[in-house]
Amino acid sequence: MEISEFYKEWLTRSGFVESKPSPDFGPSGKLYLAPEDAACGYYWVYGEKNLFDIKIHDFYFFEDSFISLDTPECLSITYYDSVSGEELTPYRRLTAGCVKTFHGGHETYKAMIHRNIPIRSVGIEVFPAYYETYLRESYPDDYLLPHEAFSRIGQTLDFPEMSQLLRQVWAYKGEGISAKLFYEAKVAEAVSLVYERGKKCKKDLHARISGQDMDALSSVTAYINDHFNTELPLATLARIACMGTTKLKTSFKRIYHCTISEYIQQRRMSHAEMLLTSTELAIDQVASAVGYSNAGRFAASFKNNTGLFPAEYRKMSRRTGG
């Protein structure tokens, strides 16, 4: 089955309806209207045979929504402009402004998406016919296992070249052969950036973490979860882990796929979302409750994480119906 047919079948089964073209989306892809009883907005897909696809999400759910999807074998890379939710396998907060990778086809993708907050993202998926056949045959001397290169990225806020490329793909509105050549070139460029990033990464994917160190890291995360709204010096966390600071930072990132600072930030932003949605606390009170002494700095951090300022998030989270 070609990629475009797979997504047409899945989207239709999920309540999406194929829509007429819109000037907001490239005419070469297929546009689907979100199910009107559950969401508002669009899902756009461009597929190239069984080689790759490009997807744009621009919609929101009326209620908190659990997503469960068995994806085909693929490697994907996505840029999020706006999002509020968590991936569940493994657990990881979705953050606006981030670039993240995903290896599909091995286990069910599960996520919780928060109500009324726009999911605005653009992503590229490449399939085995592209990375196992085309790339291996075209570049036999430089071939690197693609899933290894993709896994080295994980989720990051520090991949500006990829963010820029995917935003260019989102903005493109060409059609015909021009569009075909543009999308093929951008997919190749994206894969090139992933490979270049993977080669530069010094992360040892095969290093083992002892059971004792795993227990120590669990103690650190439990402490962070209980004290994320206070100062958390690295030296204090290192004492809890009975590790040196360098070993703690390296081991933590290997296991949790983010830095300690990013983990603390995720906990603060998740709690802030809950307070904005379910309480009447003023913005400066929410800021204080999650560990910020300056409301302006909190608002900037919140915008970086969700794509929305706190007041915008609160307003959107409380809108009703479709």
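Definitions and limits used
Residues numbered from 1 in each chain as written. Predicted model: local features only at pLDDT ≥ 70, side-chain atom pairs only at ≥ 80, totals over all residues. Heavy atoms only, no water. Helix = DSSP H or I, 4+ residues; strand = E, 2+ residues; numbered from the N terminus. pLDDT = per-residue confidence, 0-100. Buried < 20%, exposed > 50% of the residue type's maximum accessible area, 1.4 Å probe, protein only. Expected span 1.5 Å × (residues − 1). Arc of directions from axis to C-beta. Pairing = 2+ DSSP bridges. Salt bridge = Lys/Arg side-chain N within 4 Å of Asp/Glu carboxyl O. Phe/Tyr/Trp six-rings, centres within 6.5 Å; stacked < 30°, edge-to-face > 60°. Lys NZ or Arg CZ within 6 Å of the ring centre and 35° of its normal.

## As for the environment of E262
Here comes step 1: Along the chain, E262 falls in helix α9 (residues 260-278).
Here comes step 2: E262 sits 232 residues away from K30 along the chain, and the two C-alpha atoms are 36 Å apart.

## Brief notes about the confidence of the model for the protein
Here comes step 1: Summary statistics for the protein give a mean pLDDT of 89 and a share of 94% for residues scoring 70 or more.
Here comes step 2: Mean pLDDT values over the elements of the protein span from 77, in helix α2 (residues 128-138), up to 97, in helix α10 (residues 283-289).

## Let's talk about the environment of R254
Here comes step 1: Of note, R254 is situated in helix α8 (residues 245-256).
Here comes step 2: Judged by its relative accessible area of 22%, R254 falls in the partly exposed class.

## Focus: α8
Here comes step 1: Here α8 spans 16 Å end to end across 12 residues, near enough to the 16 Å set by a 1.5 Å rise per residue.
Here comes step 2: When we look at burial in α8, the residues that qualify are L248, S251 and F252. For α8, the arc enclosing every buried residue in end-on projection is 105 degrees, short of the 170-degree limit, so these residues lie on one face.
Here comes step 3: Two residues or fewer after α8 comes H257, characterised by a positive phi angle close to 60 degrees.

## Remarks on the sheet that holds strand β3 (residues 39-48)
Here comes step 1: Across the sheet, which stays open at both edges, the 8 strands sit in the order β1-β2-β3-β4-β11-β6-β9-β12 with antiparallel pairing between neighbours. For this open sheet the edge positions go to β1 (17-19) and β12 (155-156), each flanked by a neighbour on one side alone.
Here comes step 2: Pairing between strand β6 (residues 74-82) and strand β9 (residues 99-104): 6 bridges, direction antiparallel. Note on β9: the bridge partner recorded for C74 is G104.

## A word on the pattern of salt bridges
Here comes step 1: With the rule as written, the count across this model stands at 14 salt bridges.
Here comes step 2: Between D58 and R120 there is a salt bridge, with its nearest N and O atoms 3.1 Å apart. Here D58 is found in strand β4 (residues 52-61), whereas its partner R120 is found in strand β11 (residues 119-126), with 62 residues between them in sequence.
Here comes step 3: Residue class for D58 comes out partly exposed when judged on its relative accessible area of 24%.
Here comes step 4: Residue R120 is classed as partly exposed on the basis of its relative accessible area, which comes to 27%.
Here comes step 5: Salt bridges sharing partners connect three or more residues here, namely K8, E18 and K30.

## Overview of the packing of aromatic side chains
Here comes step 1: Evaluated as defined, the whole model comprises 23 aromatic pairs.
Here comes step 2: For the ring pair Y60 and F62, a centre distance of 5.9 Å and an interplane angle of 70 degrees mean the geometry is edge-to-face.
Here comes step 3: Taking the relative accessible area as the measure of exposure, Y60 reaches 15% and is therefore buried.
Here comes step 4: Here F62 falls in the buried class, since its relative accessible area comes to 11%.
Here comes step 5: Ring geometry for Y172 versus F182: centroids 3.8 Å apart, planes at 10 degrees, classification stacked. Pair noted here: Y172 is in the loop between α4 (160-171) and α5 (176-200) and F182 is in helix α5, with a separation of 10 residues, a long-range link.
Here comes step 6: You can call Y172 buried: its relative accessible area is 19%.
Here comes step 7: These aromatic residues form a ring-pair network of at least three members: F6, Y7, W10, F16, Y43, F59 and F61.
Here comes step 8: When the ring centre of Y292 is taken as reference, the NZ or CZ atom of R268 above it lies at 5.3 Å.

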